[in-house]
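# Descriptive analysis of the structure
Single-letter residue listing:
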Amino acid sequence: MKVLVTVKEVAEADDDFAIEGTDIAESDLEYDLNEWDDYAVEAAVQLAEAGIADEVVTVTVGPERSEETIRMALAKGADRAVRVWDDALDGGFADVASKVELFEAVVAEEEPDLILGGVQAADTGFGATGVALAERIGFEHAAVVNDLDVDADAGVAHVHRELEGGVEELTDVDLPAVLTVQTGLNEPRYASLRGIRQAQRKEIAVKALSDLGLTAEDVESALTLTSMYEPESESDAEIIEGDAGESAGRLAEVLRDKGVSA
Amino acid sequence: MSVLVAAEHRRGELRDVSYEAITAGRELADARGVDLHVAVVAGDVDAFAEELNREGVDAIHAVADGEEFDHNAYRAAASTLADRVDAGAVVMPNSVNGLDYAPALAESLGVPLVTDAVGIEYDDGLTVTREMYGSKVETTVDVEGDWFVLTVRGGEWPPAEGVGDATVETADIDLPESGARVTGFEEVGGGDVDIADADVLVSVGRGIEEEENIELIEDLADALGATLSASRPIVDNGWLPKNRQVGQSGKVVTPDVYIAVGISGAVQHVAGMKGSDTIVAINTDPNAPIFDIADYGIVGDLFDVVPELIDEFA
Ligand SMILES: Cc1cc2nc3c(=O)[nH]c(=O)nc-3n(C[C@H](O)[C@H](O)[C@H](O)COP(=O)(O)OP(=O)(O)OC[C@H]3O[C@@H](n4cnc5c(N)ncnc54)[C@H](O)[C@@H]3O)c2cc1C
Ligand SMILES: Nc1ncnc2c1ncn2[C@@H]1O[C@H](COP(=O)(O)O)[C@@H](O)[C@H]1O
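Residues numbered from 1 in each chain as written. Chains lettered and ligands numbered in written order. Predicted model: local features only at pLDDT ≥ 70, side-chain atom pairs only at ≥ 80, totals over all residues. Heavy atoms only, no water.

Labelled according to an unreviewed UniProt entry, chain B appears under the name Electron transfer flavoprotein subunit alpha, originating from Halorubrum ezzemoulense DSM 17463. Database annotation for chain B, UniProt heading Sequence similarities (unreviewed entry): "Belongs to the ETF alpha-subunit/FixB family." (UniProt positions renumbered as here; feature names shortened; annotations may be inferred.)

Under an unreviewed UniProt entry, the name given to chain A is Electron transfer flavoprotein subunit beta, and the source organism is Halorubrum ezzemoulense DSM 17463. Quoted verbatim from the Sequence similarities (unreviewed entry) heading of the UniProt record, the comment on chain A is "Belongs to the ETF beta-subunit/FixA family."

## Description of the UniProt feature "domain: Electron transfer flavoprotein alpha/beta-subunit N-terminal" (unreviewed entry) in chain B
UniProt's entry tags residues 3-182 of chain B with the feature "domain: Electron transfer flavoprotein alpha/beta-subunit N-terminal" (unreviewed entry), counted in the numbering of this structure. A helix fraction of 28% and a strand fraction of 34% characterise residues 3-182 of chain B, whose end C-alpha atoms lie 30 Å from each other. (Helix = DSSP H or I, 4+ residues; strand = E, 2+ residues; numbered from the N terminus.)

## Comments concerning the packing of helix α6 (residues 244-257) of chain A against helix α9 (residues 302-313) of chain B
At a minimum axis distance of 8 Å, the contact between α6(A) and α9(B) shows a crossing angle of 50°. When the axis of α6(A) is compared with that of α9(B), the two are oblique. Between α6(A) and α9(B) lies a crossing of right-handed hand. Across the interface between the two elements, A244(A), G245(A), S247(A), A248(A), G249(A), L251(A), A252(A), L255(A) and R256(A) of α6(A) pack against D304(B), V305(B), E308(B), L309(B), E312(B) and F313(B) of α9(B). Of the residues belonging to the contact of α6(A) with α9(B), the class tally is 8 nonpolar, 3 polar and 4 charged. (Axes fitted to C-alpha atoms, helices over the stretch in contact; angles between N-to-C directions. Parallel < 35°, antiparallel > 145°, perpendicular 65-115°, else oblique. Left-handed = near helix turned anticlockwise from the far one by under 90°. Contact = heavy atoms within 4.5 Å. Nonpolar A, V, L, I, M, F, W, Y, C, P; charged D, E, K, R; others polar.)

## What to know about the site of ligand 2
Residues and elements named next belong to chain A. Lining the immediate environment of ligand 2, one finds 18 residues, of which T6, D37, G127, A128 and T129 sit closest. Measuring from an oxygen atom of ligand 2, one finds a side-chain N or O atom of N34 at 3.0 Å. Burial of ligand 2 by the surrounding chains reaches 98%, relative to a free accessible area of 480 Å². The biggest single contributor to the shell around ligand 2 is strand β6 (residues 55-61), with 3 residues. Residues that form the shell around ligand 2 fall into these classes: 7 nonpolar, 8 polar and 3 charged. (Near = heavy atom within 4 Å. Polar contact = N/O pair within 3.5 Å; in protein donor to acceptor, adjacent residues only side chain to side chain. Areas by Shrake-Rupley, 256 points an atom, 1.4 Å probe, with all protein chains shown as cover.)

## Thoughts on the interface of chain B and chain A
The partner chain A presents 86 residues to the 86 residues of chain B that form the contact. When chain B packs against chain A, close to 7,100 Å² is buried across both sides, 54% of that on carbon and sulfur atoms. If you look at where chain B meets chain A, you find 9 salt bridges. Per-element accounting of the side of chain B that touches chain A gives the leading share, 8 residues, to strand β13 (residues 180-187) of chain B. Grouping the constituent residues of the side of chain B that touches chain A by class yields 35 nonpolar, 25 polar and 26 charged. (Buried area = accessible area lost by both parts, 1.4 Å probe. Salt bridge = Lys/Arg side-chain N within 4 Å of Asp/Glu carboxyl O.)

## Brief notes about the sheet that holds strand β11 (residues 148-152) of chain B
Residues and elements named next belong to chain B. With respect to topology, 7 strands assemble into an open sheet ordered β7-β11-β6-β1-β4-β5-β12, the strand pairing being parallel. Each edge of the open sheet carries a strand with a single partner, namely β7 (113-117) and β12 (167-170). Taking the axes of each pair of neighbouring strands and ignoring which way they run, one obtains an average angle of 20° across the sheet. As paired elements, strand β4 (residues 35-41) and strand β5 (residues 59-63) share 5 bridges and run parallel to each other. (Pairing = 2+ DSSP bridges.)

## Section: the nonpolar core
As a rule of thumb, nonpolar side chains are buried together in soluble globular proteins. In terms of nonpolar packing, the biggest core is built from 101 residues, with I22(B), L28(B), L52(B), L126(B), V149(B) and L150(B) touching the most fellow members. For this core, the leading source of residues is helix α3 (residues 96-110) of chain A, giving 7 residues. In this structure L150(B) touches V90(B), V91(B), M92(B), V114(B), A117(B), I120(B), L126(B) and V128(B), once residues within four positions along its chain are discounted. Counting residues in each nonpolar core, the second largest holds 37 residues, with I208(B), L228(B), I282(B) and F313(B) among its members. (Core = buried A, V, L, I, M, F, W, Y, C linked by side-chain atoms within 4.5 Å. Buried < 20%, exposed > 50% of the residue type's maximum accessible area, 1.4 Å probe, protein only.)

## Let's talk about unusual backbone geometry
A cis geometry characterises the amide bond from L175(A) onward to P176(A), with omega recorded as 0°. Following the sequence through the fold, P176(A) ends up in the loop between β11 (167-174) and β12 (177-181). Unusually for a residue other than glycine, Y133(B) sits at a positive phi of about 50°.

## Points about the side chain of R80(A)
All names here are of chain A. Mapped onto the elements of the fold, R80 is located in strand β7 (residues 80-84). Taking the relative accessible area as the measure of exposure, R80 reaches 18% and is therefore buried. A polar contact is formed between the side chain of R80 and the side chain of E110, at a distance of 2.8 Å. Contacts of R80, omitting those with residues within four sequence positions, involve K2, E55, V56, V57, T58, L74, E110 and E203.

## Re the sheet that holds strand β8 (residues 114-118) of chain A
Pairing is mixed in the open sheet, where 10 strands are placed in the order β13(A)-β7(A)-β6(A)-β1(A)-β8(A)-β12(A)-β9(A)-β10(A)-β11(A)-β13(B). Two strands close off the open sheet at either side, each with one partner strand: β13 (204-207) of chain A together with β13 of chain B. With strand direction ignored, the average angle separating the axes of adjacent strands in the sheet is 30°. Here helix α4 (residues 129-137) of chain A sits on the sheet and contacts β8, β9 (140-151) and β12 of chain A; the angle it forms with β12(A), its principal contact strand, is near 180°.

## Concerning the UniProt feature "domain: Electron transfer flavoprotein alpha/beta-subunit N-terminal" (unreviewed entry) in chain A
Mapped onto the present numbering, the UniProt feature "domain: Electron transfer flavoprotein alpha/beta-subunit N-terminal" (unreviewed entry) falls at residues 21-216 of chain A. Taken end to end, residues 21-216 of chain A is 29% helix and 31% strand, and its first and last C-alpha atoms sit 24 Å apart.

## Things to note about the site of ligand 1
Surveying the vicinity of ligand 1 reveals 29 residues, the closest of which are S231(B), S249(B), S264(B), Q268(B) and N283(B). One finds residues of chains A and B in close proximity to ligand 1. Here an oxygen atom of ligand 1 sits 2.9 Å away from a polar atom, N or O, in the side chain of Q245(B). For ligand 1, the accessible surface in isolation is 990 Å², of which the surrounding protein chains cover 87%. Of all elements in the fold, only α6 (232-236), α7 (267-270) and α9 of chain B reach the threshold of two or more residues within the shell around ligand 1. Looking at the shell around ligand 1, its residues break down into 8 nonpolar, 17 polar and 4 charged.

## A word on the pattern of salt bridges
Enumeration over the complete set of coordinates arrives at 35 salt bridges over all chains. R10(B) serves as the salt-bridge partner of E164(A), at 2.6 Å between the closest nitrogen and oxygen. Of the two residues, E164(A) sits in the loop between β10 (156-162) and β11 while R10(B) sits in strand β2 (residues 9-10), which places them in two different chains. Residue class for E164(A) comes out buried when judged on its relative accessible area of 10%. Relative accessible area serves as the criterion here: at 12%, R10(B) is assigned to the buried category. The closest approach of N and O atoms between D236(B) and R232(B), which form a salt bridge, is 3.2 Å. Placement of the pair is D236(B) and R232(B) together in helix α6, with a separation of 4 residues, close to one helical turn. Each member of the pair, D236(B) as well as R232(B), is classed as buried. A single network of salt bridges, built from pairs that share partners, joins K2(A), E55(A), R80(A) and E110(A).

Laid out in structure tokens, this is it:
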């Protein structure tokens, strides 16, 4: 079976950051592989190692910069990558439907049997792409999967869905399916030196909208980001000043006051 | 036009987020001057319908279908009802199950989706307040058109109260055969301690960097006579067992004192500890969201502060 993994490069804000217009200043952002997608890549590579998957392909919607992140996924064992980008996608705030439009076109080319993605992208936190994609392409799905056992012969994935409050739901999902992967599903590997060397030779196919038979109109977003600001702190926290010794001393006083002692 | 709220229940109980979604839905219905409909699917729908009849609800639709959540049934029921009641918005909790069908619903209806709303404003159109970058910033997002699906974050709207005078009807809807079948539930946890019983919790997060460093926080817990708990990544890494995890998918704790060490304060973590009497945070990042709910904070390196604090109690 062929496994497609959606892999997003996400931005994280530095401790000190400035907001310029409706986003954090580019120079105050660090980019990395989305934590949840790291677990999805690992799950796919483990399926390949178990002989269940014959090929693991990643797909990313992102500018050239994201190739560094894609190489990381390739170094961890994905076979090749597709990167979709177009000037028409630059600067806007993509909604779920517009991304699904792009993934649908890639799915039509790749014809995977199983699609893995993350529960959520750490930066925008929509938590929606995998389930929306499943609906669009007529796959079954399960969201927030923290245990996975694929029975390819029976055409079923036995999964646990992690619900709130330490309860897991056991579900059988017919393949083909989209599963959104929760952290803790496995132990994502570090890329080995050999993996990193091999990744340099693996293919990253870059696709523009026209390569996918799409136009800018197809990926117009229904959402517009109109402002970004630092939330007003609701707390009247006492920030304890001083060096480590002084602040620890003051905190110890507070804690003793509250009756804390061994 | 109307607003439709989809309720949520699990293992025989309506979940509180359902009542919060009703409040958010009512807010939207008022802004638009329309009726508020509530849908409840599966389980003991008649009993649920009665409980959901809170102030501000105009109509309740009960859809019988097995016992538990099935995303295909929920999606189909919400989509059929939305059509029947001429809804211009469907509102539901931003829960694990909400996120298992809301995106499919929006997709099948062909309308925009906004998830995890913490505030809404409706004027000519909908403007949603939501967070980004791990709660470090808030944003406002304008939604095109007057038809959308919205999921609302738990704990942001008060639960709807009182008894309403909603009409209740059993909705007859043909539900599809599902390709995802729930076969059971498993409760995780147990183990050596129940962190929910502790008066003082010292909680460790990803700022601890390495497994060997956990010992430092153990020493702190010992010095304070406290119990050790953790944020999710510590448990995901296998550094502490699952029964130590505080948060949405772990335990909800309400100790007298909660000391968060190297924890950023992500919404799913905060959901599990915001009810603590006194919250202390030690974090190098002055913008870490944990400081927004803390009573006392030290902006500093845990590797400098924690040994000093242990000394204070030695
Ligand atoms: C469906 C779902 C359910 C979830 N359930 C839970 C849950 O139950 N519980 C939970 O905790 N999370 C949960 N999460 C994960 C959550 O979103 C966050 O990823 C997680 O809480 C982050 O943990 P953290 O604060 O330890 O790590 P990070 O967010 O990485 O924060 C680490 C912090 O340490 C600080 N730091 C770094 N070095 C130092 C130092 N030397 N000294 C002091 N401070 C330092 C940093 O400034 C940072 O603020 C869930 C997520 C999803 C999607
Ligand atoms: N631009 C993107 N490129 C690749 N994958 C993405 C992208 N955006 C979202 N995804 C996938 O969808 C998951 C959920 O993202 P979201 O719905 O945006 O929170 C992520 O973990 C990724 O697997």
